[in-house]
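Here is how the chains run, residue by residue.
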Amino acid sequence: MKKALRHIVPVLLCLVAGAVAGSMQTESLAEWYPSLAKSPLTPPAIAFPVAWTLLYICMGLSLGRVLTDGDKRFVTLWFLQLAVNFLWSFFFFYLRCPLAGLADIVVLDLLVILYIRWVRRATPSAAWLFVPYLVWILFATYLNAYIVMENPREKSLSAAAVTENILSNTKNQSIMTHTLPQLPYAMEALSPKMSRETLEYHYGKHLQTYIDNLNRLIAGTPYAAMPLEEIVCKADGAIFNNAAQAWNHAFFFDTLTPAQQPMPEKLAAALAGEFGSVEAFKEAFTKSAVGLFGSGWVWLVGGPDGRLSILAEPNAGNPLARGLKPLLTVDVWEHAYYIDYRNRRADFVKNWWDLVDWQKVAGRL
Ligand code: MN
């Protein structure tokens, strides 16, 4: 009975530690580190919880073996590796700092290798129970390193930024409802017409800030329970500004593609029917985009009568709030083009046409 307890208690301890570590992963990984999904070796998401559950059971049984008939000095080493394992989830999922996670998991690799080497003399079975775990964390080390290599922004996350992450996570964890949408292409895919650096700032920083502000502003208000579109239609002031900017940017980025296809017939026909020709539409839209004073968005919208029109909106303006159906938009805020085109908004709009995903626009008709 005592022997069984010596195995069961460590297994339960590991499963609890694993559940707490897993709870730090409150959002989809791919939203923070889009490059992870691209790693050639990333297993399907289901593999992670299944593998970890089995590994935690093996880990707990290994301690059980040591407690039953092993060298008790290694119990400390076992707890140390569990603590370092737990810290990895903290660095990676909670602080979202893959560089700190990588440093941590390398230490974990070393501790686990030491444990296997030392316990195998007195208790070979305790060592064998750790071998699948070692294989898995070496693989996790590869995945973590891949993310560090593919995300230069996260790689350079400073100590100050880590502190800021801790503070904002502590403040916002329970109210984070809106998250950064995933891009349907890689960060460098639109280059040179829209550079990786522009996306790192425009998508990674500007859009993220609107979303963070929105989450902060709606906390404790009726807006906290509403989907984004409803907030855009009902709110005003700062909540409207941040909600509409979050919606507009998600729509804008989603309508870009690195592999433009010819415009579908039904869209070309609809545009020609309203504006005379596709070229005439593009000309009118470009004129509106280049001519809009200050910051704003130019939209192609469908009216309640099904007719198409061009709508220039200053600031965070959004057609949903006017009961119109958005089909296409261009962001003419300076931050959308300043890195690649400096003050040349016309050049930005001219190149932006080559990135428009016409299939998506036609799908919204
Ligand atoms: Mn923008």
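You'll find the structure just up there.
Treat the numbers as computed from the prediction; the structure is a model and nothing was measured. (Residues numbered from 1 in each chain as written. Predicted model: local features only at pLDDT ≥ 70, side-chain atom pairs only at ≥ 80, totals over all residues. Heavy atoms only, no water.)

Q: Mind laying out the overall build of the chain, listing which residues take part and the relevant values?
A: Helix and strand counts for the chain stand at 17 helices and three strands. Here the chain holds 365 residues, and 46% of them are scored as buried. Considering only contacts in the chain between residues 6 or more positions apart, those separated by 24 or more positions represent 73%. Taken as a whole, the chain presents about 17600 Å² of accessible surface, with 63% of it coming from carbon and sulfur. (Helix = DSSP H or I, 4+ residues; strand = E, 2+ residues; numbered from the N terminus. Buried < 20%, exposed > 50% of the residue type's maximum accessible area, 1.4 Å probe, protein only. Contact = heavy atoms within 4.5 Å. Areas by Shrake-Rupley, 256 points an atom, 1.4 Å probe, with all protein chains shown as cover.)

Q: Run through the nonpolar core, naming residues and quoting values.
A: Judged by nonpolar contacts, the single largest core of 64 residues is most densely connected at L328 and W352. By size, the runner-up hydrophobic cluster in this structure holds 39 residues, among which are L63, F92, C97 and V148. (Core = buried A, V, L, I, M, F, W, Y, C linked by side-chain atoms within 4.5 Å.)

Q: Describe the coordination of the manganese ion, and please don't skip the residues or the numbers.
A: Around a metal, the idealised angle for a tetrahedral arrangement of four donor atoms is 109.5 degrees; for an octahedral arrangement of six donor atoms it is 90 or 180 degrees. Protein coordination at the manganese ion: the donors are H202 (NE2), H249 (NE2), D331 (OD) and H335 (NE2), at 1.9 to 2.1 Å from the metal. Expressed as a motif, the donor residue spacing for the manganese ion is H-x46-H-x81-D-x3-H. Of the two residues, H202 is situated in helix 10 (residues 196-218) and H249 in helix 12 (residues 237-254); the sequence distance between them amounts to 47 residues. Note on H202: relative accessible area 1%, which makes it buried. A residue is classified by how much of its surface remains accessible, and H249, at 0% relative accessible area, is buried. (Donors = N, O, S within 2.8 Å, 3.2 Å for Na, K, Ca; no water.)

Q: Before we move on, could you go through the packing of helix 4 (residues 74-94) against helix 7 (residues 131-150) and cite the residues and values that matter?
A: Packing of helix 4 against helix 7 brings their axes to within 14 Å, and their N-to-C directions diverge by 25°. Judged by the inter-axis angle, helix 4 sits roughly parallel to helix 7. The crossing of helix 4 and helix 7 is left-handed. Packed against helix 4, whose contacting residues are Q81, N85, W88 and F92, the element helix 7 presents Y133, N144 and I147 at the interface. In terms of residue class, the contact of helix 4 with helix 7 is made up of four nonpolar, three polar and no charged. (Axes fitted to C-alpha atoms, helices over the stretch in contact; angles between N-to-C directions. Parallel < 35°, antiparallel > 145°, perpendicular 65-115°, else oblique. Left-handed = near helix turned anticlockwise from the far one by under 90°. Nonpolar A, V, L, I, M, F, W, Y, C, P; charged D, E, K, R; others polar.)

Q: Account for the packing of aromatic side chains, naming residues and giving values.
A: By the definition in use, this model includes 31 aromatic pairs. Ring geometry for F48 and W136: centres 5.9 Å apart, planes at 70°, overall edge-to-face. Placement of F48 in helix 3 (residues 47-69) and of W136 in helix 7 is noted, with a sequence separation of 88 residues between them. The partly exposed category is assigned to F48, whose relative accessible area is 26%. Ring geometry for Y203 versus F253: centroids 5.7 Å apart, planes at 85°, classification edge-to-face. Of this pair, Y203 sits in helix 10 while F253 sits in helix 12, and the two are 50 residues apart along the sequence. (Phe/Tyr/Trp six-rings, centres within 6.5 Å; stacked < 30°, edge-to-face > 60°.)

Q: With reference to specific residues and values, describe the pairing of strand 1 (residues 296-302).
A: The buried fraction of strand 1 amounts to seven of the seven residues, a majority that puts the element mostly inside the structure. Here strand 1 shows two buried faces, one formed by G296, V298, L300 and G302 and the other by W297, W299 and V301. Note that strand 1 and strand 2 (residues 308-314) share seven bridges and pair antiparallel. Pairing of W297 across the sheet is with E313, part of strand 2. Taking the residues between adjacent antiparallel strands as the criterion, strand 1 and strand 2 are bridged by five residues, where G306 takes a positive phi near 85°. Pairing of strand 1 with strand 3 (residues 325-331) involves six bridges; the strand directions are antiparallel. Bridge assignment links W297 to a residue of strand 3, and that residue is D331. (Pairing = 2+ DSSP bridges.)

Q: Please set out the environment of V135 residue by residue, giving values where relevant.
A: Position of V135 relative to the elements: it lies in helix 7. On the basis of relative accessible area, V135 is assigned to the exposed category, the value being 54%. As a C-alpha pair, V135 and D109 span 26 residues in sequence and 9.4 Å in three-dimensional space.

Q: Please provide a residue-by-residue account of the sheet that holds strand 2, values included.
A: Spatially, the three strands line up as an open sheet ordered 2-1-3, and their pairing is antiparallel. Of all the strands in the sheet, just strand 2 and strand 3 have a single pairing partner and so form its edges. Strand-to-strand twist in this sheet, taken as the mean axis angle between neighbours without regard to direction, amounts to 25°. Where helix 13 (residues 265-275) meets the sheet, its contacts fall on strand 1 and strand 2, and the angle it forms with strand 2 comes to roughly 80°. Helix-sheet contacts for helix 14 (residues 278-291) involve strand 1, strand 2 and strand 3, and the interaxial angle to strand 1 is about 150°.

Q: So what about the state of the cysteines? Which residues, and what values?
A: Summed over all chains, the structure comprises zero disulfides. We note that C14 lacks a disulfide partner, and the nearest cysteine sulfur, in C58, lies 10.0 Å from it. Take C14: its relative accessible area is 0%, and that puts it in the buried class. (Disulfide = S-S within 2.5 Å.)

Q: Any chance you could break down the packing of helix 3 against helix 5 (residues 98-122) for me, citing the residues and the numbers?
A: In the contact formed by helix 3 and helix 5, the axes pass within 11 Å of each other and the chain directions differ by 40°. Overall, the two elements helix 3 and helix 5 adopt an arrangement that is oblique. Between helix 3 and helix 5 lies a crossing whose hand is left-handed. Counted together, S62, L63, V66 and D69 of helix 3 and Y115, V119 and A122 of helix 5 form the full contact between these two elements.

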